[in-house]
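# Breakdown of the fold
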Amino acid sequence: STCASTPAPDCIMEWLKSVHFYRKVPADLTEATLAGGTISLLSSLAMAYLFVSNFRSFLQIETVTSVRLDESQEKKIQINFNVTLHHLPCRFASVDIADVMGTHLQNVSANIVKTRLDADGGVLGRAAARPRPVEHAVARSVDLGVPVPKVSPELDVDGMREAARSRKLVLVNYYAPWCPWSRRLQPVWEEAYANVMQKPFARDVLMAKADCTGAGANLCREQHIHAFPTVRVYRHHAAVSHESYVGDRTHEALERFVEENVHDDDHEEAVRSGESEVGGVGEGCLVKGVVLVNRVPGNFHISAHSKAHSFQPGQLNMTHEIGRMTFGRPLTPAMLRLLPDDVAAAHDVLARTLHVATGQNTTLEHYLKVVHTSHVLGRRQIDTYQYTANSNNYQDGGSLPSAVFSYDMSPMQVLVQTERKSLASFLTQLCAIIGGVFTVTGLVDGVVYHGSATLKRKMQLGKIV
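What counts, and where the lines are drawn
Note that residues are indexed from 1 along each chain, following the sequence as it is written. Given that this is a predicted model, residues contribute local features only at a pLDDT of at least 70 and side-chain atom pairs are listed and counted only at 80 or more, while totals for whole chains, interfaces and linings are drawn from all residues. With hydrogens and water set aside, each side-chain value is computed from the structure's full complement of heavy atoms. For helices the rule is a DSSP run of H or I covering at least 4 residues; for strands it is a run of E covering at least 2, with both sets numbered from the N terminus onward. We call a residue buried when its accessible area falls under 20% of the maximum for its residue type, exposed when it is over 50%, and partly exposed in between, using a 1.4 Å probe and counting protein chains only. Contacts are residue-level and defined by heavy atoms, with any inter-residue pair within 4.5 Å sufficient. A 1.4 Å probe that fits but cannot get out identifies a cavity on a 1 Å grid over protein atoms alone, an open set with protein on both sides within 12 Å along at least five of seven lines counts as a pocket, and a residue lines either if it has an atom within 4 Å of a point. Grid points are joined across faces, edges and corners, and a volume is the space filled by probe spheres set on the points. Residue classes follow a fixed rule: Ala, Val, Leu, Ile, Met, Phe, Trp, Tyr, Cys and Pro count as nonpolar, while Asp, Glu, Lys and Arg count as charged, and any other residue, Gly among them, counts as polar. Salt bridges are defined as contacts in which a side-chain nitrogen from Lys or Arg sits within 4 Å of a carboxyl oxygen from Asp or Glu. Note on terminology: a nonpolar core comprises buried Ala, Val, Leu, Ile, Met, Phe, Trp, Tyr and Cys residues joined through side-chain atoms within 4.5 Å.

## Description of the environment of Val370
Relative to the helices and strands, Val370 is located in strand 18 (residues 362-377). In this structure Val370 comes out as buried when scored by relative accessible area, which is 1%. Sequence spacing of Val370 and Thr326 is 44 residues, and the spatial spacing of their C-alpha atoms is 9.8 Å. Those residues in contact with Val370, other than ones at most four positions away along the chain, are Phe327, Tyr385, Gln386, Tyr387, Tyr407, Asp408, Met409 and Ser410.

What follows is the structure, given as structure tokens:
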């Protein structure tokens, strides 16, 4: 009825004025005080400080970590590794896998690359994933029931130097009487020696042997022999050689090798044919690749293994350097940069660590506790694995030493979520800050104003002296 005779726009304006929550008081009816100005300035500073703090909090990304049962349905997990063994040749380095479910795999070669290294870490070349099978022969005299005479000369350090000085080509069979492979080669070696001595070039060649447990022990140490039998090839009248014969252990193969190399001063043809291999003092091996293992407690280890040699435990050194040791699918550098620093650091704990075997026959073992970790970035999820590592070393009697990596999968999963505060939350807090500070300082201003006014009235009335 009020707006019956009033135009519609004016009526709307009047109605809007009637719902005004913040009605204004004329300036003539307000009073400014020194205390009020001080309180207003302080409240403005407080609001500015709280606004800046809240705005910085709004810009920051918050990381929330939770733990839950691992819901992964994968039955196997991938291990990515890069391990350098400084004193174990690649032809003897074997990667083996074992776990509590009874799995035992020996000399795993799939998806594994072995690179031969010299003592200074230089690359000598890529090694075969699996050594070529060596064919063995039975001594011909054994078939006739006649014992094979040991006619090839036994060498020590002085004998080796004299043989190298006087012959163009010297082959030395370094053996140990307790080694079954040495005992198997011995009669074949003696018969091949007897046949070679009947050749026209017999004066230029010598097939000798050295007992690494007896008179030839010093020579074996000088030549860095740790696998039996090892057949070394000496050319150019040199008393030290890094060329090893790795061909078949038959009469024909040994005699053919001597005949083809007695007048050949270069080892390149023999290396190309696969009958010999040139290494170096302290030759090592870089073993890298991936293996798939069951998601149960187990281990994979690198040790010396050969189907044609025996090893003397005290002569094996398992000192190694770990370049990489991670679980799960490899992460790209861009993905690693997205992970929190603590997660990225625990992703590859053993990277670039050196582990030294300080005594003879020392096994170096690493215990890895692995936890599945998922990092959620908005709609993107990065799955990785963190692990803790404890390393130990021990001497294990007469067993061969090895580099052991024991792992245990945790049944729990760590979920790391990255969250940013919502704009609505920021605005709500901003309103709370401004309104709260304004209200509180208004109350303080009121208390100060009325308190001082009351005090003044009492002083005027003479009630306060």
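Still to come is the rest of the account.
## Observations concerning the layout of surface pockets
Put simply, the largest pocket is a space of about 860 Å³. Taken together, 36 residues make up the lining of the largest pocket; nearest its centre are Arg91, Pro131, Arg132, Val246 and Glu277. Breaking the lining of the largest pocket down by element, the ones donating at least two residues are strand 6 (123-126), strand 10 (230-234), strand 11 (243-245), helix 8 (268-272) and strand 12 (276-278). Looking at the lining of the largest pocket, its residues break down into 15 nonpolar, 12 polar and nine charged. Considered as a void within the structure, the second largest pocket measures approximately 490 Å³ in volume. Lining the second largest pocket are 30 residues, with His87, His224, Ile225, His226 and Gly282 positioned closest to its centre. Put simply, the parts of the chain that give the lining of the second largest pocket at least two residues each are helix 6 (217-222), strand 10 and strand 12. The class makeup of the residues in the lining of the second largest pocket is eight nonpolar, 15 polar and seven charged.

## Concerning the pattern of salt bridges
Taken as a whole, this structure holds 12 salt bridges when the rule is applied. Among the salt bridges present, the one from Arg256 reaches Glu275, with a minimum N-O distance of 3.7 Å. Here Arg256 is found in helix 7 (residues 251-261), whereas its partner Glu275 is found in the loop between helix 8 and strand 12, with 19 residues between them in sequence. A residue is classified by how much of its surface remains accessible, and Arg256, at 36% relative accessible area, is partly exposed. By relative accessible area, Glu275 is classed as buried at 11%. In this structure, Glu269 and Arg272 form a salt bridge, with 2.8 Å as the shortest nitrogen-oxygen distance. With Glu269 and Arg272 both in helix 8 and three residues apart, the pair spans about one turn of that helix. Here the salt bridges share partners, and the residues they tie into one network are Glu268, Glu269 and Arg272.

## Quick notes on the nonpolar core
Core analysis: the largest hydrophobic core is formed by 40 residues, its most contacted members being Met160, Leu171, Val172, Tyr174, Met207 and Val258. Of all the elements in the fold, those that place two or more residues in this core are helix 4 (157-166), strand 7 (169-175), helix 5 (180-196), strand 8 (205-211), helix 6, strand 10 and helix 7. When neighbours within four sequence positions are excluded, Leu171 is seen to be in contact with Trp189, Leu206, Met207, Ala208, Val231, Arg232, Val233, Phe257 and Val258. Counting residues in hydrophobic clusters, the runner-up holds 37 residues, among them Ile77, Phe81, Ala304 and Leu350.

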